[in-house]
Amino acid sequence: MKTPNIKYNNDVSSAEKRLSHLTKILKNAQESYYNDDDPSISDGEYDKLLLEYKNIEKEFPSLLDSGSLSQKVGAKPSSKFKKVSHQKAMLSLSNAFEENDLAEFDLRIKKFLNIDLKETLEYTVEPKIDGVSLSLLYEDGNLIRAATRGDGQEGEDVTQNALVIQEIPSKLNFSGVKIPQSFEVRGEVFITKHDFNLLNISQEKNNLKLFANPRNAAAGALRQLDSEITKKRPLKFYAYSLGHCSHDIFTSQKDFLENLAVFGFLVNDLSQTVSGVPSLIEIYKDILEKRASLNYDIDGLVYKVNDFLLQSRLGERSNTPRWAIAHKFPAEEAYTTIEDIEIQVGRTGALSPVARLSPVNVGGVLVSSATLHNEDYIKGFDSEGNKIRDGKDLRIGDFVRIYRAGDVIPKIEDVDISKRSKESKAYLFPRSCPSCGSNAVREQDDAVWRCSAGLVCNEQAKERIKHFVSKKAFNIDGLGDKIIDQFYELGWIRFPHEIFLLEQKYGNSSYTKLSEREGWGKLSAENLFESINNKRKIGLARFIFSLGIRHVGENTANLLAEYFTSFEKLSNSISSCRFDDSSNDLEIHNIDGIGSKIADSLIEFFSLSSSNSFLLGDILNEVKVVDFEQLKTVVSTLTGKVIVFTGNLKSQTRQEAKAHAERLGAKVSSSVSSKTNILIAGESSGTKLNKAKDFKVKVLSEKEWLSIVFENE
Ligand SMILES: [Zn+2]
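Residues numbered from 1 in each chain as written. Predicted model: local features only at pLDDT ≥ 70, side-chain atom pairs only at ≥ 80, totals over all residues. Heavy atoms only, no water.

(A) Molecular detail of the overall build of the protein. Scanning the protein from N- to C-terminus turns up 23 helices and 24 strands. Viewed in the frame of its principal axes, the protein has a C-alpha envelope of about 85 × 70 × 55 Å. Relative to its 713 residues, the protein shows a buried fraction of 49%. Sequence-distant contacts, at least 24 apart, represent 68% of the contacts inside the protein between residues at least 6 apart. If you sum the accessible surface of the protein, you get close to 36500 Å²; carbon and sulfur atoms cover 48% of it. (Helix = DSSP H or I, 4+ residues; strand = E, 2+ residues; numbered from the N terminus. Buried < 20%, exposed > 50% of the residue type's maximum accessible area, 1.4 Å probe, protein only. Contact = heavy atoms within 4.5 Å. Areas by Shrake-Rupley, 256 points an atom, 1.4 Å probe, with all protein chains shown as cover.)

Structure below.
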């Protein structure tokens, strides 16, 4: 996030106006933050506005009145709980947004302490948990009082609620170690992401209001008047700092954290001690990367001067310590406008809408596009007719909120309809392909419009070639998307198999040479031909995947390869089926894990009338498909048999039973047909058992099945 630094150049009246506007927003946000557990603006936005506020104060000290917002930590506590004064004020931390801010922080400290600027200082690094701060007062090892931060001086007494949180010891374990007679342990009450999801699921079930985020849920739970309710909420606690302390027993933050663990507190395992600013930046980058995968929300890191002696020499300013700083992570949410909606054509002809956004920084990454999925999503409804974004549609020119978690594709969370111009029109999803102009078709029960032109459509053909060479398919090095676009436009590669004809047509002994094209040389051309030739042999599963058959992903390709073992068997079995033949007797309908959608798609692909049969022949002229190698099987009475499981097996899961059957050389099918050899019937077998009798299929009990398994162990 960029630091807002608007200069007012002595224009007091506009500065004052802006200041009063900011005061209103910030006060509002503070109150809702501390009292209602329901945020009015995001944290990132809050920090940004507060910084702007402080900058104006700095530029115009005359505008600073006694009630200046930036000198107060938070709002006054609400009145539900008894107010208590902290033994030592609970300060907030000053923020760093950029790496420069850290160097300045380090420099300020050295100057203050009058130490050599070349020396490196030792810091502790701790993740800044996004929860609710809590101060615990212990006397002689017993928890006497727990208080929320409140305004930093005075908080609320929530001792009864703190006592029901498992990670907060009511009695400290201090056998063998010294303990101050009286001291405050501070930390963060929070809810894990996992527990938060479960909590909201149960709220929804009970028709209760959903929590906006884990922190609000934690804040609400901690401030319940009935601690029985608090007890039911999955609150956790990380301890991390020392407040008031009657005896100077701890020598450093590191020493203190180690003691906390001994006392029985949970200390965050990402906490560490390092020297110098470059190490801080390194850890920052490392943890920022891990952020999305952590099971709790963090909004930055806290750096503290490790040595307690130095900490006490440094002391504090009005409400922030000089020896610590919070390094904030960039916000994961941002606002921007939809500049355009583009339609991309996929390899199966699917028309996918993409929002082109005014570029905006979200969580440290510049985002300029977001997927819009399909027509219904733009209209504000999902495939089952449920509302998305409260049923608000999306239009070109709309002001939208973007959300991005980890490396997940950015999503449009919400749209601000109040900012929509009067001229804006609802988006009309195209009824024809933007690439080839052919009719688009939307089938029943499918949210997707598709170009009906098949491989005649340039865009589909190109996407199919890109899929063909992609990592999980032929995995051909040096044939990136841009090069395929280029070769396609040149007419060199229009169909997948033509990749393997490149050298023959455009090699060094040809009239037209790749090596003579701009951007290419003899060596790079040879390298490309070599990496293509290296891939003339391919495993069956990869090959099936590379064909880009609709609904056939990596897993399905593996299943098919395992079942059929050779491409010949696969294509013979499937091409003998007719598309309109829905009888359950077809082999393809009986493979465990292959649903009817996939089966139909395969039958369509392999049907003789389809243009794919020419395509396949051309490809098979160029490459050798290596048969699937069966896992080591045992020759048994089941070898080569088609078996079906039904009912509940008591001793094995269905998955385990299937694995045993395959090891014994059997094929496992999901339904009983005339091709079935054996039905293994567990408890409460129903229709399949009756059907097996009709087909005169041999039926085995679970006991008989197990004896075969053990015989061949
Ligand atoms: Zn098209």
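(B) Quick peek at the pattern of salt bridges. For the structure shown, the criterion picks out 36 salt bridges. Between E375 and R431 there is a salt bridge, with the nearest N and O atoms lying 3.2 Å from each other. With E375 in helix α11 (residues 375-379) and R431 in the loop between β16 (411-415) and β17 (440-442), this pair connects stretches of sequence that are 56 residues apart. Residue E375 is classed as buried on the basis of its relative accessible area, which comes to 6%. (Salt bridge = Lys/Arg side-chain N within 4 Å of Asp/Glu carboxyl O.)

(C) Quick peek at helix α19 (residues 596-606). Those residues of α19 lying buried are I598, A599, S601, L602, I603, F605 and F606. Tucked inside the fold, the buried residues of α19 contact α12 (458-469), α17 (554-564), α18 (567-575) and α20 (612-622).

(D) Broad picture of the sheet that holds strand β23 (residues 678-681). Taking strand neighbours across the sheet as the criterion, the four strands line up as β22-β21-β23-β24 in an open arrangement whose pairing is parallel. The strands lining the two open edges of the sheet, one partner per strand, are β22 (667-669) and β24 (698-701). Between one strand axis and the next, the sheet turns by 30° as a mean value, whatever way the strands run. In the sheet, strand β21 (residues 642-646) pairs with β22 via three bridges, with the strands oriented parallel. (Pairing = 2+ DSSP bridges. Axes fitted to C-alpha atoms, helices over the stretch in contact; angles between N-to-C directions.)

(E) Broad picture of the coordination of the zinc ion. Here the zinc ion is held by C433 (SG), C436 (SG), C451 (SG) and C457 (SG), and the distances to it run 2.2 to 2.3 Å. The coordination sphere of the zinc ion comprises four donor atoms, whose angles at the metal cover 99 to 115°; the geometry is tetrahedral. Summarised as a motif, the one-chain spacing of the donors to the zinc ion is C-x2-C-x14-C-x5-C. Highlighted residues: C433 in the loop between β16 and β17 and C451 in strand β18 (residues 449-451), separated in sequence by 18 residues. (Donors = N, O, S within 2.8 Å, 3.2 Å for Na, K, Ca; no water. Tetrahedral: all angles 85-135°; square planar, octahedral: opposite > 155°, others 65-115°.)

(F) Here's a closer look at the nonpolar core. One finds L479, F487, I499, F543, L560 and I588 to be the most contacted residues of the largest nonpolar core, which totals 56 residues. The residue makeup of this core includes at least three contributed by each of domain 4 (453-535) and domain 5 (539-626). When neighbours within four sequence positions are excluded, I588 is seen to be in contact with L560, I574, C577, I594, A599, L602 and I603. If you look at the next biggest cluster of nonpolar residues, it comprises 35 residues, including L134, Y138, I191 and L222. (Core = buried A, V, L, I, M, F, W, Y, C linked by side-chain atoms within 4.5 Å. Domains from an automatic or database assignment.)

(G) View of the packing of α12 against helix α13 (residues 481-490). Contact pair α12 / α13: the axes reach a minimum separation of 10 Å and the direction vectors enclose 135°. Between α12 and α13, the interaxial angle falls into the category oblique. Considering the relative orientation of α12 and α13, their crossing is right-handed. In this structure, α12 uses N458, A461, K462, I465, K466 and V469 to contact α13, whose residues at the interface are D481, I484, D485, Y488 and E489. Across the contact of α12 with α13, the residue classes break down as five nonpolar, one polar and five charged. (Parallel < 35°, antiparallel > 145°, perpendicular 65-115°, else oblique. Left-handed = near helix turned anticlockwise from the far one by under 90°. Nonpolar A, V, L, I, M, F, W, Y, C, P; charged D, E, K, R; others polar.)

(H) Up close: the side chain of S636. Mapping S636 onto the fold places it in the loop between β20 (624-626) and β21. S636 sits in the buried class, given a relative accessible area of 14%. Only 2.9 Å separates the side chain of S636 from the backbone oxygen of L664, close enough to count as a polar contact. Filtering out sequence-adjacent residues up to four positions away, S636 remains in contact with L664 and N712. (Polar contact = N/O pair within 3.5 Å; in protein donor to acceptor, adjacent residues only side chain to side chain.)

(I) Representation of the packing of α18 against α19 in the model. Close contact between α18 and α19 brings their axes to 9 Å; oriented N to C, the two are set at 95°. Taken together, the axis directions place α18 and α19 in an arrangement best described as roughly perpendicular. In this structure, α18 contributes F567, L570, S571, I574 and S575 to the contact, and α19 contributes L602, I603 and F606. Each residue belonging to the contact of α18 with α19 can be placed in one class, and the counts come to six nonpolar, two polar and no charged.

(J) Structural view of the packing of aromatic side chains. Across all of its chains, the model carries 26 aromatic pairs by this definition. Aromatic side chains F105 and Y123 sit 5.9 Å apart centroid to centroid with 35° between the ring planes, which places their arrangement in the tilted category. Residue F105 is located in helix α3 (residues 99-113), and its partner Y123 is located in strand β3 (residues 122-129); the two are separated by 18 residues in the primary sequence. The pair F105 / Y123 is uniform in exposure class, with both members buried. Pairwise contacts between aromatic rings join Y138, F183, F237, F250, F256, F263, F265 and F308 into one cluster. A cation sits over an aromatic face here: K667 above Y563, 5.0 Å from the ring centre. (Phe/Tyr/Trp six-rings, centres within 6.5 Å; stacked < 30°, edge-to-face > 60°. Lys NZ or Arg CZ within 6 Å of the ring centre and 35° of its normal.)

(K) Structural view of the side chain of S94. Within the secondary structure layout, S94 lies in the loop between β1 (83-85) and β2 (95-96). Look at S94 and you get buried, because its relative accessible area is 18%. If near-sequence neighbours (up to four positions away) are discounted, S94 is found in contact with R317, T320, A324, I325 and A326.

(L) Fine view of the sheet that holds strand β10 (residues 298-305). With mixed pairing, five strands are arranged side by side in an open sheet as β2-β11-β10-β3-β9. The sheet is open, and its two edges are formed by β2 and β9 (272-275), each paired on a single side. Both β10 and strand β11 (residues 324-328) contribute to a ladder of five bridges, which runs antiparallel. Across the sheet, Y303 pairs through a bridge with I325, a residue of β11. α3 rests against β2, β3, β10 and β11 of the sheet, and its axis sits at about 175° to β11. Across the sheet, helix α8 (residues 253-263) touches β3, β9 and β10, and the angle it forms with β3 is around 50°.

(M) Structural detail: a positive patch on the surface. Judged by side-chain charge, K54, K58, R108 and R317 come together as a positively charged surface patch. With respect to the helices and strands, R108 occurs in helix α3. On the basis of relative accessibility, which here comes to 40%, the residue R108 falls in the partly exposed class. (Patch = residues over 30% accessible without salt bridge, like charges linked within 9 Å, V, L, I, M, F, W, Y side chains within 5 Å. Lys, Arg positive; Asp, Glu negative; His and termini not counted. Charge placed at Lys NZ, Arg CZ, Asp CG, Glu CD.)

(N) Up close: α18. Considered for burial, the residues of α18 that qualify are F567, L570, S571, S573 and I574. Burial along α18 is one-sided: seen end-on, the buried residues are contained in an arc of 165°. Where α18 is buried, its residues contact α16 (540-546), α17, α19, α20 and β20. (Arc of directions from axis to C-beta.)

(O) Layout of the domain arrangement of the protein. Domain annotation of the protein identifies domain 1 (12-71), domain 2 (95-328), domain 3 (333-430), domain 4 (453-535), domain 5 (539-626) and domain 6 (642-711). Measuring from the centre of the C-alpha atoms in domain 2 to the corresponding centre in domain 6 gives 57 Å.

(P) Looking closely at the pairing of β3. Of all eight residues that make up β3, six are buried, and the element is covered over most of its length. Across four bridges, the pairing between β3 and β9 is antiparallel. Residue pairing in the sheet places E122 in a bridge with S275 of β9. Strand direction decides the pairing type here: β3 and β10, joined by seven bridges, are antiparallel. In the sheet register, T124 faces β10, and the bridge partner there is K304.

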